[in-house]
Amino acid sequence: MTTIIDGKAIAASVREKAASAVADIKSRHGVQPALAVVLVGEDPASQVYVRNKHVATEKSGMRSIEHKLPENTSEDDVVALVRKLNDDDEVDGILVQLPLPKHISSDRVINEIHPDKDVDGLTEVNAGRLILGKEGLVPCTPQGSVILAKTVTENLSGLNAVVVGRSILVGKPLAMLLLAENCTVTMAHSRTKDLAAVCREADILCAAVGIPRLIKGDWVKKGAIVIDVGINRIEESGKMRLVGDVDYDAAAEVAGAITPVPGGVGPMTIACLLRNTVLAAARRRGLGKVEV
Ligand code: NAD
């Protein structure tokens, strides 16, 4: 029997844990953790993401601070806002919604965020900490992917993990996190020769590519854990629908466990953002260890 990994339910439990940690911090220290989100421009998808983050943050008991700036805001003005938020003692997490308008360097803006408030885990400092195995803030989607895999088998040690995709946002940090779980990690990408053969070796197969149903059913080893990060909007039989990077129906026939799209990795991203904000608040304010 294939286990369908229920990302919605697992994300709900991560959110609940974050909410009880927030309640605990409030009652013991009289502090309400706060997340500041910066949105520049009118991108409709970004507006939806920011709205969802706002609702989830407030639901968890944290304070949500939104900064919506017009499309024509200068790079210097965005940097100035980030610096102001860095200096604001009431702000625990800062998230700059990507993509930024073309005239603004996201690299410069992201790296202005104080690493200890970088709840997206995208600054060079946090990327370095991840590689060095030091405590830091880890990008949300890869973190969520590993949490999902661990609901199938708590101990991933020694398993062959294949990560398809090497983006800064997902593939690379995911490979590092799996390495930290003592997996034997292979990173595959667009130049990989015989991707099918590489995937067939995977006990844990993670796809973060952005190509609908790239990974075929016969690329999946029997019993493997399949984590599909891909979110692709396609038109099928005259309807728009979301599909992953894995051919779900065929892969589910052979996999031991698999994440659906939607309802797999997707919901974990915001849940892990809340988790990171609580962690950032506790560390930055010296509140000791929190259970999240
Ligand atoms: P990206 O475009 O930055 O990176 C894609 C990677 O795939 C690249 O490293 C490239 O080398 C690799 N690739 C491209 N073509 C390939 C091929 N034919 N074979 C093997 N590898 C190939 O994308 P990303 O930001 O990493 O996102 C990947 C997918 O994950 C997208 O569908 C995106 O929508 C989704 N995503 C989901 C979440 C979420 O669940 N919350 C978050 C981020 C990204």
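These numbers were taken from a predicted model, which means no experiment stands behind them.

Quick look at the overall build of the chain now. The helix and strand tally for the chain stands at 10 helices and 11 strands. Its C-alpha atoms give the chain a radius of gyration of 19 Å, near enough to 19 Å, the size a compact globule of 292 residues would have. For the chain, the spread of C-alpha atoms along the principal axes amounts to about 55 × 45 × 35 Å. With 292 residues in all, the chain has 49% of them scored as buried. Considering only intrachain contacts with a sequence separation of at least 6, the fraction spanning at least 24 residues in the chain is 67%. When the accessible surface of the chain is summed, it comes to about 14,000 Å², and 51% of that surface belongs to carbon and sulfur atoms.

Glancing now at the UniProt feature "domain: Tetrahydrofolate dehydrogenase/cyclohydrolase NAD(P)-binding" (unreviewed entry) in the chain. Within this numbering scheme, the UniProt entry marks residues 139-284 as carrying the feature "domain: Tetrahydrofolate dehydrogenase/cyclohydrolase NAD(P)-binding" (unreviewed entry). A helix fraction of 38% and a strand fraction of 21% characterise residues 139-284, whose end C-alpha atoms lie 18 Å from each other.

For the rest of this paragraph, the subject is the sheet that holds strand β3 (residues 63-69). Within a sheet, adjacent strands bond to each other through the backbone by hydrogen bonds, running parallel or antiparallel. Pairing within the open sheet is parallel, and its three strands lie in the order β3-β2-β4. At either end of the open sheet lies a strand with only one pairing partner, and these are β3 and β4 (93-96). Direction aside, the axes of adjacent strands within the sheet are offset by 15° on average. Bridge analysis of strand β2 (residues 34-40) against β4 gives four bridges, and the strand direction is parallel. The residue bridging Ala 36 from the neighbouring strand is Ile 94, located in β4.

Moving on to the side chain of Glu 75. Within the secondary structure, Glu 75 sits in helix α3 (residues 75-87). Side-chain polar atoms of Glu 75 contact the backbone nitrogen of Ser 105, separated by 2.8 Å. Of the polar contacts made by the side chain of Glu 75, one reaches the side chain of Arg 108; its length is 2.8 Å. Those residues in contact with Glu 75 that lie beyond four places of it in its chain are His 103, Ile 104, Ser 105 and Arg 108.

For the rest of this paragraph, the subject is the site of the ligand. Taken together, 21 residues lie near the ligand, and Arg 166, Ser 167, His 189, Ile 231 and Thr 269 sit nearest. One of the side-chain N or O atoms of Ser 167 is found 2.5 Å from an oxygen atom in the ligand. Contacts to the ligand include Val 229, whose backbone N or O atom sits 3.5 Å from an oxygen atom. Here the ligand has 860 Å² of accessible area as a free molecule, and 70% of this is covered by the chains. In terms of residue class, the shell around the ligand is made up of 10 nonpolar, 10 polar and one charged.

Another aspect to go through is the pattern of salt bridges. Side chains bearing opposite charge may pair, as long as their charged atoms lie close to each other. Following the criterion strictly, the structure yields 14 salt bridges and no others. Between Arg 28 and Asp 24 there is a salt bridge whose closest N-O contact spans 3.0 Å. Placement of the pair is Arg 28 and Asp 24 together in helix α1 (residues 7-29), with a separation of four residues, close to one helical turn. The class of Arg 28 is partly exposed, set by a relative accessible area of 48%. With a shortest N-O distance of 3.3 Å, Asp 116 and Arg 129 are connected by a salt bridge.

A covalent bond bridging the sulfur atoms of two cysteines is what the word disulfide describes. Counted according to the given criterion, the structure contains zero disulfides. Take Cys 183: it sits in no disulfide, and the sulfur closest to it among the cysteines is that of Cys 206, at 8.4 Å. The cysteine Cys 199 is free of any disulfide, with Cys 206 supplying the nearest cysteine sulfur at 10 Å.

To continue, consider the packing of helix α6 (residues 140-152) against helix α7 (residues 171-180). At a minimum axis separation of 8 Å, α6 and α7 run at an interaxial angle of 40°. The angle between α6 and α7 falls in the class oblique. Handedness of the α6/α7 crossing: right-handed. Every residue of α7 that contacts α6 at Pro 142, Gln 143, Ser 145 and Val 146 is listed here: Pro 173, Leu 174, Leu 177 and Leu 178.

Of note, Asn 86 is situated in helix α3. Along the primary structure Asn 86 and His 114 are separated by 28 residues, whereas in three dimensions their C-alpha atoms are 5.9 Å apart. Of the polar contacts made by the side chain of Asn 86, one reaches the backbone nitrogen of His 114; its length is 2.9 Å.

Glancing now at the side chain of Asp 203. Following the sequence through the fold, Asp 203 ends up in the loop between α8 (195-200) and β7 (204-207). Once residues lying within four places of it in the same chain are set aside, the contact partners of Asp 203 are Leu 159, Asn 160, Lys 221, Ala 224 and Ile 225.

On to the UniProt feature "binding site: NADP(+)" (unreviewed entry) in the chain. Within this structure's numbering, the places UniProt gives as "binding site: NADP(+)" (unreviewed entry) are Gly 165, Arg 166, Ser 167 and Ile 231. The class for Arg 166 is partly exposed, based on a relative accessible area of 40%. Excluding residues that lie within four positions of it along the chain, Arg 166 makes contacts with Gly 171, Lys 172, Met 187, Ala 188, His 189, Ser 190 and Arg 191. Structurally, Ser 167 can be placed in the loop between β5 (160-164) and α7. The class of Ser 167 is partly exposed, set by a relative accessible area of 33%. When near neighbours in sequence (up to four residues on either side) are disregarded, Ser 167 contacts Lys 172 and Pro 173.

Reading the values: rules and limits
Residues numbered from 1 in each chain as written. Predicted model: local features only at pLDDT ≥ 70, side-chain atom pairs only at ≥ 80, totals over all residues. Heavy atoms only, no water. Helix = DSSP H or I, 4+ residues; strand = E, 2+ residues; numbered from the N terminus. Rg over C-alpha atoms; globule rule 2.2 N^0.38 Å. Buried < 20%, exposed > 50% of the residue type's maximum accessible area, 1.4 Å probe, protein only. Contact = heavy atoms within 4.5 Å. Areas by Shrake-Rupley, 256 points an atom, 1.4 Å probe, with all protein chains shown as cover. UniProt positions renumbered as here; feature names shortened; annotations may be inferred. Pairing = 2+ DSSP bridges. Axes fitted to C-alpha atoms, helices over the stretch in contact; angles between N-to-C directions. Polar contact = N/O pair within 3.5 Å; in protein donor to acceptor, adjacent residues only side chain to side chain. Near = heavy atom within 4 Å. Nonpolar A, V, L, I, M, F, W, Y, C, P; charged D, E, K, R; others polar. Salt bridge = Lys/Arg side-chain N within 4 Å of Asp/Glu carboxyl O. Disulfide = S-S within 2.5 Å. Parallel < 35°, antiparallel > 145°, perpendicular 65-115°, else oblique. Left-handed = near helix turned anticlockwise from the far one by under 90°.

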